[in-house]
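# What the coordinates show
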Amino acid sequence: MEAPLAPVSVRRTVWTGLAGLAAAMGIGRFAFTPLLPLMQADGLVLADGAWLAVANYLGYLVGALTCIGGNPAPSRAARGGLAAVALSTLGMAAGPSFVAALLLRFVAGVASAFVLVGISAWALGALAARRRTEAAGGVYAGVGAGMVAAGFAALGVALAGGSASTGWALLGGLAAVVTAWSWRSLGDAPAAAGPGASAAPRLPRAALALVACYGAFGFGYILPATFLPAMARELLPDPAVFGWTWPIFGAAAALSTWGAGVLLRRVSPRALWAASQLVMAAGVLLPAAAPHSLAALAASAVFIGGTFMVATMAGLQEARRVAGAAAPRLMAAMTAAFATGQLAGPLLVGAGSGAGLSAAAAALVLLLSSGILLIRRSPDIL
């Protein structure tokens, strides 16, 4: 067990968590999305883009499974993950071969899972210890903030006539700065018990339903979250227009978590999670219902961007509420299920499945998941 090195203030916890998630998720996971149109302009075909997305999602799954089995200390998981995100992102700037790019996106996925699980475990624990759980909204706003940064970086590069390599270099440098800035703060954070410190806490019966619903969430949001900018590019090839899709998505994600943090004072995490998935289902259906409408794509960006981080935050808060000392294990299991669910979306695109059928299936899964969350409320212990 790591000894706590220093007390962690609420402000320091929030800003460290925000910056870490911005780099790990906004860049390590999602920078590919706004940069995809630039990569297409450089010659990448959409089917190959889908496989690059799959490599990242597969890495995310492997990272989450590793966290379940290895139970790394949260600070170590976050530190190592952030360093790997920076290096793998900078590696994409070197113009690697397709096989090398697959490996780099896989590494970025593994690293992102380590950071999400690590930062979630210590940040939520530190905030709960100070009875400031509503401040978690600030931590998870980091994902949206990172997405906005990635979106504006891609937009600026596109408007300047640059290549995708320039965008990867800018974002890799930003991830390296965040890693260096947060390194000491993460080292000072209280650590969770390692695998040999004590017997592994038992998971509650409700864990199975949470894991299944979190996996459904991963499947439900991934198609538009991955391909919105590419879909907008097909409608309007001007980067000054389609390039705004991802910043809108990220801004909605960042702002929504602040509001959700306030809502959590009045509603349960489970209810908020279910409600956010209902709104998300509408956003998933919009591009399929109006495939030639830029307004529908913008509305979809708001609906999904404004709910996917709320669902993430509420889901992980629910894991902490239900599982107690076993929360890090449950968070890792939920993250693994999420990664499994989101693998199906890009694979369907790569296989040539129709957008309408894929969207309908995703929306149905989200609706079923919301129903399960609202019906199964009991955290009975096994």
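Located above this text is the structure these notes cover.
Quick look at the structure, then.

How each quantity is defined
Along each chain, numbering runs from 1 in the same order as the chain's sequence is written. Since the coordinates come from a predicted model, pLDDT governs what is reported: local features require at least 70, and pairs of side-chain atoms require 80 or more to be given and counted, while whole-chain, interface and lining totals use all residues. Hydrogens and water are ignored here; the side-chain numbers use all heavy atoms of the structure. Under the scheme used here, helices are H or I runs from DSSP no shorter than 4 residues and strands are E runs no shorter than 2 residues, and both carry numbers assigned from the N terminus. Only heavy atoms matter for contacts: two residues are in contact if any of them lie within 4.5 Å across the pair. Note on areas: Shrake-Rupley, 1.4 Å probe, and residue coverage restricted to the protein chains presented here. For each residue, the accessible area found with a 1.4 Å probe, counting protein chains only, is set against the maximum for its type, and the residue is called buried under 20%, exposed over 50%, and partly exposed in between. A pair of Phe, Tyr and Trp rings is counted when the ring centres sit within 6.5 Å of each other, with Trp represented by its six-membered ring. The angle between the planes then sorts it: under 30 degrees is stacked, over 60 is edge-to-face, the rest tilted. A ring has a charge above it when a Lys NZ or an Arg CZ is no more than 6 Å from the ring centre and no more than 35 degrees off the ring normal. What a helix should span is 1.5 Å times the count of its residues minus one. What we call the bend at a residue is the angle made by axes fitted to the seven residues finishing there and the seven residues starting there. An axis is simply a line fitted to the C-alpha atoms; with a helix, the fit covers only the stretch in contact. Between two such axes, the angle follows the N-to-C directions and lies from 0 to 180 degrees. With the far helix as reference, a near helix turned anticlockwise by less than a right angle produces a left-handed crossing, and one turned clockwise produces a right-handed crossing. The salt bridge definition used is simple: a Lys or Arg side-chain nitrogen within 4 Å of an Asp or Glu carboxyl oxygen. Any residue with relative accessible area above 30% and no salt bridge may belong to a patch, with like charges joined within 9 Å and the nonpolar Val, Leu, Ile, Met, Phe, Trp and Tyr side chains within 5 Å.

### Some thoughts on the overall build of the chain
- A tally of helices and strands in the chain yields 14 helices and 0 strands.
- Reading the chain from its N end, one meets helices and strands in the order α-α-α-α-α-α-α-α-α-α-α-α-α-α.
- Intrachain contacts of the chain at a sequence separation of at least 6 include 87% that bridge at least 24 residues.
- Here the chain has roughly 14300 Å² of accessible surface; of this, 69% comes from carbon and sulfur atoms.

### Overview of unusual backbone geometry
- One non-glycine residue, Arg-131, adopts positive backbone phi at about 55°.
- Along the chain, Arg-131 falls in the loop between α5 (98-129) and α6 (136-159).
- With relative accessibility at 77%, the residue Arg-131 sits in the exposed group.

### Quick look at the packing of aromatic side chains
- All told, the structure shown has 9 aromatic pairs when counted by the stated rule.
- The interplanar angle of 40° and the centroid separation of 5.8 Å between the aromatic rings of Phe-217 and Tyr-221 together place this pair among those described as tilted. Of this pair, Phe-217 and Tyr-221 both sit in helix α8 (residues 206-235), 4 residues apart, which is roughly one turn of the helix.
- Of note, Arg-29 hangs over the ring of Phe-30, and the distance from its end group to the ring centre comes to 5.2 Å.
- Of note, Arg-29 hangs over the ring of Tyr-60, and the distance from its end group to the ring centre comes to 4.1 Å.

### Considering α6
- Here α6 spans 35 Å end to end across 24 residues, near enough to the 34 Å set by a 1.5 Å rise per residue.
- Considering bend angle alone, the principal kink of α6 is centred on Gly-142 and spans about 30°.
- Within α6, 19 of the 24 residues are buried, which leaves it mostly tucked inside the rest of the structure.
- Positive phi shows up at Gly-161, right after α6, with a value of about 75°.

### Details of the packing of helix α1 (residues 10-29) against helix α4 (residues 74-92)
- Running from N to C, α1 and α4 cross one another at 40°; their axes reach a closest spacing of 10 Å. For the element pair α1 and α4, the recorded crossing hand is left-handed. Here Gly-20, Ala-23, Ala-24, Ile-27 and Gly-28 of α1 lie close against α4, whose contacting residues are Leu-82, Val-85 and Thr-89.

### Considerations on the pattern of salt bridges
- Tallying each qualifying case throughout the model produces 2 salt bridges.
- Between Glu-318 and Arg-270 there is a salt bridge, with its nearest N and O atoms 3.0 Å apart. Placement of Glu-318 in helix α12 (residues 294-323) and of Arg-270 in helix α11 (residues 269-289) is noted, with a sequence separation of 48 residues between them.
- Note on Glu-318: relative accessible area 0%, which makes it buried.
- Classification of Arg-270 by relative accessible area gives buried; the value is 4%.
- One network of salt bridges, with partners in common, ties together Arg-270, Glu-318 and Arg-321.

### Re the environment of Cys-67
- Relative to the elements of secondary structure, Cys-67 occurs in helix α3 (residues 46-70).
- What makes Cys-67 buried here is its relative accessible area of 5%.
- As for Cys-67 and Pro-328, which are separated by 261 residues in sequence, their C-alpha atoms are 8.6 Å apart.

### Topic: a nonpolar patch on the surface
- A cluster of nonpolar residues, Phe-152, Trp-244, Ile-248, Val-279, Val-302 and Phe-303, forms a patch on the protein surface that exposes about 490 Å² of accessible area.
- As for its position among the elements, Val-302 is in helix α12.

### Description of the environment of Gly-259
- Tracing the sequence through the fold places Gly-259 in helix α10 (residues 245-263).
- Spatially, the C-alpha atom of Gly-259 lies 9.5 Å from that of Gly-138, the residues being 121 residues apart in sequence.

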